[in-house]
Structure formats: C-alpha cells, structure tokens
Amino acid sequence: MTRRIRFNAFAMNCVAHQSPGLWRHPEDQSSRYTDLRYWTELAKLLERGRFDGLFLADVLGTYDVYGGNHDAALRQGAQVPVSDPLLLASAMAAVTEHLGFGITAGTAFEHPYPFARRLSTLDHLTNGRIGWNVVTGYLPSAARNMGEDDQLQHDDRYDHADEYLEVLYKLWETSWEDDAVVRDRTTGVYTDPAKVHPIEHEGKHFTVPGIHISEPSPQRTPVIFQAGASPRGVRFAAENAEAIFVGAPTKAILKDTVARIRNELTKVGRDPYSARIYTLLTIITDRTPELAQAKLEDYRSYASSEGALVFTSGWMGIDLSGYRADEPIGNVESNAIQSAVASFRQADEKGGEWTVGDIAEWAGIGGLGPIVVGSGAEVADELQEWVAETDVDGFNLAYAVTPGTFEDIVEHVIPELTRRGAYQSDYEAGTLRNKLFGRGDRLPLEHRGRSFDRIRTAG
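Anyway, here's the lowdown on the structure attached to this text. (Residues numbered from 1 in each chain as written. Predicted model: local features only at pLDDT ≥ 70, side-chain atom pairs only at ≥ 80, totals over all residues. Heavy atoms only, no water.)

### What to know about the side chain of Arg6
And step 1. Positionally, Arg6 belongs in strand 1 (residues 6-12).
And step 2. Within polar-contact distance, the side chain of Arg6 engages the side chain of Asp52 at 2.8 Å.
And step 3. With sequence-adjacent residues up to four places away left out, Arg6 is seen in contact with Asp52, Arg276, Tyr278, Asp393, Gly394, Phe395, Gln424, Lys435 and Leu436. (Helix = DSSP H or I, 4+ residues; strand = E, 2+ residues; numbered from the N terminus. Polar contact = N/O pair within 3.5 Å; in protein donor to acceptor, adjacent residues only side chain to side chain. Contact = heavy atoms within 4.5 Å.)

### Examining unusual backbone geometry
And step 1. With omega at 5°, the peptide bond leading from Val80 into Pro81 counts as cis.
And step 2. Mapped onto the elements of the fold, Pro81 is located in the loop between helix 2 (71-76) and helix 3 (89-94).
And step 3. Here the bond from Thr402 into Pro403 is cis, since omega is 0°, no more than 30 degrees from zero.
And step 4. Structurally, the position occupied by Pro403 is in the loop between strand 13 (394-398) and helix 14 (404-419).
And step 5. Even without being glycine, Arg50 reaches a positive phi, approximately 60°.

### Quick notes on the pattern of salt bridges
And step 1. For the coordinates displayed, the defined rule picks out 32 salt bridges.
And step 2. For Arg3, the salt bridge is made with Asp393, and the minimal N-O distance between the two is 2.9 Å. Of this pair, Arg3 sits in the segment before strand 1 while Asp393 sits in the loop between helix 13 (376-390) and strand 13, and the two are 390 residues apart along the sequence.
And step 3. Asp393 gets classed as buried once you look at its relative accessible area, which sits at 6%.
And step 4. One salt bridge connects Arg262 with Asp391, and the closest N-O pair in it is separated by 2.9 Å. You can see Arg262 sitting in helix 8 (residues 251-267) and its partner Asp391 sitting in the loop between helix 13 and strand 13, a full 129 residues away along the chain.
And step 5. Connected through salt bridges with shared partners, the residues Glu173, Asp178, Arg220, Arg442 and Arg450 form a single ionic network. (Salt bridge = Lys/Arg side-chain N within 4 Å of Asp/Glu carboxyl O. Buried < 20%, exposed > 50% of the residue type's maximum accessible area, 1.4 Å probe, protein only.)

### What to know about the packing of helix 1 (residues 36-48) against helix 14
And step 1. Between helix 1 and helix 14, whose axes approach to 10 Å, the crossing angle comes to 20°. Relative to helix 14, the element helix 1 lies roughly parallel. Along this stretch, helix 1 crosses helix 14, giving a crossing that reads as left-handed. Of the residues in helix 14, those touching helix 1 at Leu42, Leu45 and Leu46 are Phe406, Glu407 and Val410. (Axes fitted to C-alpha atoms, helices over the stretch in contact; angles between N-to-C directions. Parallel < 35°, antiparallel > 145°, perpendicular 65-115°, else oblique. Left-handed = near helix turned anticlockwise from the far one by under 90°.)

### Concerning helix 10 (residues 305-316)
In an α-helix, one turn spans 3.6 residues, which is why side chains three or four residues apart end up on the same side.
And step 1. The first and last C-alpha atoms of helix 10 sit 16 Å apart over 12 residues, in line with the 16 Å expected at 1.5 Å per residue.
And step 2. Most of helix 10 is tucked away, with 9 of its 12 residues classed as buried.
And step 3. Those residues of helix 10 that fall on the buried side of the exposure criterion are Gly307, Ala308, Leu309, Val310, Phe311, Thr312, Ser313, Gly314 and Met316.
And step 4. Measuring from the backbone nitrogen of Glu306 back to the side-chain oxygen at the start of helix 10 gives 3.5 Å, which picks out Ser304 as the cap.
And step 5. A positive phi of about 75° marks Gly317, the residue just after helix 10. (Expected span 1.5 Å × (residues − 1).)

### Observations concerning the layout of surface pockets
And step 1. Volume-wise, the second largest pocket comes out at about 240 Å³.
And step 2. Of the residues forming the lining of the second largest pocket, the biggest block, 3 residues, is contributed by helix 12 (residues 356-362).
And step 3. Each residue belonging to the lining of the second largest pocket can be placed in one class, and the counts come to 6 nonpolar, 4 polar and 2 charged.
And step 4. Counting the residues that make up the lining of the second largest pocket, at least three belong to each of domain 1 (6-289 + 369-454) and domain 2 (305-363). (1 Å grid on protein atoms, 1.4 Å probe; cavity = no way out; pocket = protein on both sides within 12 Å on 5 of 7 lines; lining within 4 Å. Points joined across faces, edges and corners; volume = space filled by probe spheres on them. Nonpolar A, V, L, I, M, F, W, Y, C, P; charged D, E, K, R; others polar. Domains from an automatic or database assignment.)

### Observations regarding a negative patch on the surface
And step 1. There is a patch of like negative charges on the surface, built from Glu27, Asp298, Glu407 and Glu411.
And step 2. Checked against the element boundaries, Glu407 lands in helix 14.
And step 3. By relative accessible area, which is 41% here, Glu407 ends up partly exposed. (Patch = residues over 30% accessible without salt bridge, like charges linked within 9 Å, V, L, I, M, F, W, Y side chains within 5 Å. Areas by Shrake-Rupley, 256 points an atom, 1.4 Å probe, with all protein chains shown as cover. Lys, Arg positive; Asp, Glu negative; His and termini not counted. Charge placed at Lys NZ, Arg CZ, Asp CG, Glu CD.)

### Some remarks on the environment of Asp52
And step 1. On the secondary structure map, Asp52 appears in the loop between helix 1 and strand 2 (53-57).
And step 2. For Asp52, a relative accessible area of 7% puts it in the buried group.
And step 3. Each C-alpha atom of the pair Asp52 and Gly102 lies 9.8 Å from the other, and the pair is 50 residues apart in sequence.

### Considering the packing of aromatic side chains
And step 1. The final tally for this structure, using the stated rule, is 20 aromatic pairs.
And step 2. For the pair Phe55 and Phe225, a centre-to-centre distance of 6.1 Å together with 15° between the ring planes defines the contact as stacked. Of this pair, Phe55 sits in strand 2 while Phe225 sits in strand 9 (residues 223-226), and the two are 170 residues apart along the sequence. Judged on exposure class, the residue Phe55 and its partner Phe225 are both buried.
And step 3. Seen from their ring centres, Tyr158 and Phe236 are 5.3 Å apart, and the 50° between their planes marks the pair as tilted. On the criterion of sequence distance, the pair formed by Tyr158 in helix 6 (residues 154-174) and Phe236 in helix 7 (residues 231-240) is long-range, its members being 78 residues apart.
And step 4. The exposure class of Phe236 is buried, given its relative accessible area of 0%.
And step 5. Joined through ring pairs, the aromatic side chains of Phe7, Phe51, Phe395, Tyr399, Phe406 and Tyr423 make up one cluster. (Phe/Tyr/Trp six-rings, centres within 6.5 Å; stacked < 30°, edge-to-face > 60°.)

None of this, on its own, says anything about what the molecule does.
In structure tokens:
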C-alpha cells in the first residue's frame, strides 16, 4: 500500500522566518505579515492544497546571541519585528473549512489559567481546528524581559511544562462534564452547577483551585504539537504530543530520530504511531528540473549569510560572529553545537570538516532542514523515498519565498503525489484531531491528558 504523505506549512507572523534575506526577493510577500488579507489568502491557498495545517512558530524575544546584541537581527528582519500568532487563527478559519492551525505559545511566562480560556476560545471559533505547539523557551532575551536573569535550566523547563500541562488537562478535560451546558429556556438554567467541578490543583509552580471558565470546546484539548530533540524533550513529547516536529539533514539521521521517538511512545504506553512525525524540509520546484534549479540559484543570490548566522547563533547558543567564515566548526567550543557538528559531519559522505561559512550557506534557505529541488515528479520521488526510508509521516515545509513556494508545491508536487495515491484526495470530516487520526474529537483514553479525567470520575 502506498503510504500517505502529510504536509504542514511552516510560517511565522514576521518577515524573515527561516530564509533570511529572501524578503528582498521581488516575489516575496512576507513583509505583508501585518496585513490580515495576506494570511487569509495564504490559508485559502493551503486548503486548496489540502495541507493538514499551517504551523505558526513564535518567539518572545530577540536573537541577540550573535554579536552580543540584537542589531543584526533587526537589520536582517530575523524574526523581529514579530507579532502574536494566536490572533491570526480565527480570521483564517473564517475563510476555510478544513485547514488546521498549529499555534506556538510558551509555558514559561503566562499562567495556564487565562491561557486555557484563550485556546478554548480559538477551538470554538475554528470549530475544532486548533493545535497548540508547546514550547518551553530558549531565548535568554525573553527571560530577561520578563524579569528573569535567564531561562530555567533545560530539564527544569520541561519539569515546569509538565505541571503547566497538568493544569491545562484538568481545566480542559475534567472541569466540565459533557452535558453540563443544558440551555434550558423553560427553567432558565444555562449550565447545571452540579456538573462543573473545581480542579483543586496545588503544585510546585501553580495553585489553581477553581473551575475552567469556558464551556468545553469541540476538541476540549487542542491537538498537542511539540518539538524537542533532547532525551528530556523526546520524553515530554512522547507523554503529550500528537504531532511532533523534528529536523535532520539526512535520511539516515532522520531514521534514527524517528525510531527513537516511536520507541519512546511505546515506553510511555502509547501506540508508536499515535503521534504524527513531521520533519523540516524546503521544496524548490517548477515545471522542469532546469527551471527548478535556476529558481534555487536565484533565491540563493538573495540569502543573507549574516541573517543565517544570527539564527544559528540563537539556535545553538553560541556567538558565531567572532569566527572566520573558513574556520572549522569543530573549533567552536559549545556543548550545544557539538550535536549539530556531528549531524553535519554525517551529512558529508566524505566526513569532511564543515566551516562556519558552510553552516551559514546551509541555513540561508529553509533553516537547518534539507532542500529538495526538481520537477514535481522528481520531488515526489524524493519525498516518497524519505518516508519509505525513515518512517516519517510527513513534512513541515519551510518556504524560500512566500506565498510563492507554497503555490509551486500546490501546482507541481501535490497533483503528482495525489496521482500516485500518496496524498489525501480530500479532507476527513470533523476536527483537526479527527482529520489527523480518524479517531474522533477527543484525546484518546490512553493519553496522559485523559488520566486526570479518569481520576476525577473515580473519585
């Protein structure tokens, strides 16, 4: 049986998301990010392409590791200026029927009680098409501007996030019974108080004694998205996530990553395929291989090396501004970067030494993910090989230019995949969760989030 390939579009409410410098390209419209029509037009395009969803990244801080300040990030538009992604979802939902929306929001600086209402509201307004990408935060600048010296230590951030989600699961899953809202016009009772329960949460980080103040939304808990490559991050994803985002420069590295995640899902008592795994990738395509290659070279002429190093410095936690472009990356002293160094060495078949300049060129288009270039048929061949060899479910597609990259995929790649039976010919009905898994609107009973419901019912 031909395995179905799934697509998410990867974007951000800013100018330069993963391809710094490409905002200057005459076909790029990312500078329209403050125009709501840009987002509604993009949503309609993606729904025409039957994408699973639009995944919106976010940061609450600036990339100020490079050069020790945020000047280069501002100069390059490197995820700054940046606007709130949550406010886009209801407008895009109003012009679409099926497209899902994965919204990034962090657990570090907002209390879970008001956040629960915000996500319930969006789930109502989108008729159950909301997902939440859980991030614990990594930019020191965000912590400083929230009155902290730095982010919590890596594993401590996940411990904090564990309790954050516990509060949310209790609010979303246990506070209101399914038939609490009666809307009885005869008796004048809107909600039966006996069927709404305080969660009485008292933990290390949060005390939330009361009820959820929103009635249950179509999914109750939004689809949980997560990205984390460390052992602690993978365990957190296995316990919570229904869609997991990864990145790898080669199929061999991706295969190992996917296997590790599926194994961890099994360890926590879940089906290894109970979470969809998407890997970061950029597609450059056109009618012919020659046109696609020419398009890539055109894009590369706009890519910014400085912008790429701004991003990689932030992602890796080391200031790359003090290194020569021809300096071997192995000379960079940082535990954080060594895993990336190993990955890049594996990506070179000859085991060659990557330089700082090589990293800048690699990250200039599409961030740290690979680029697939070719005609629609060639790209389809390559994507099917990635899925067959790595066991990944689909692709989180970054863009070179927007919306042009997505327009090209809809025009050239999706028809070819559909013809081969490797892409959905239509959407499943219902909520985002049902579209992804065909298992209804609620979290499955074996999911961690439902355990709190069972505890309340048993008590």
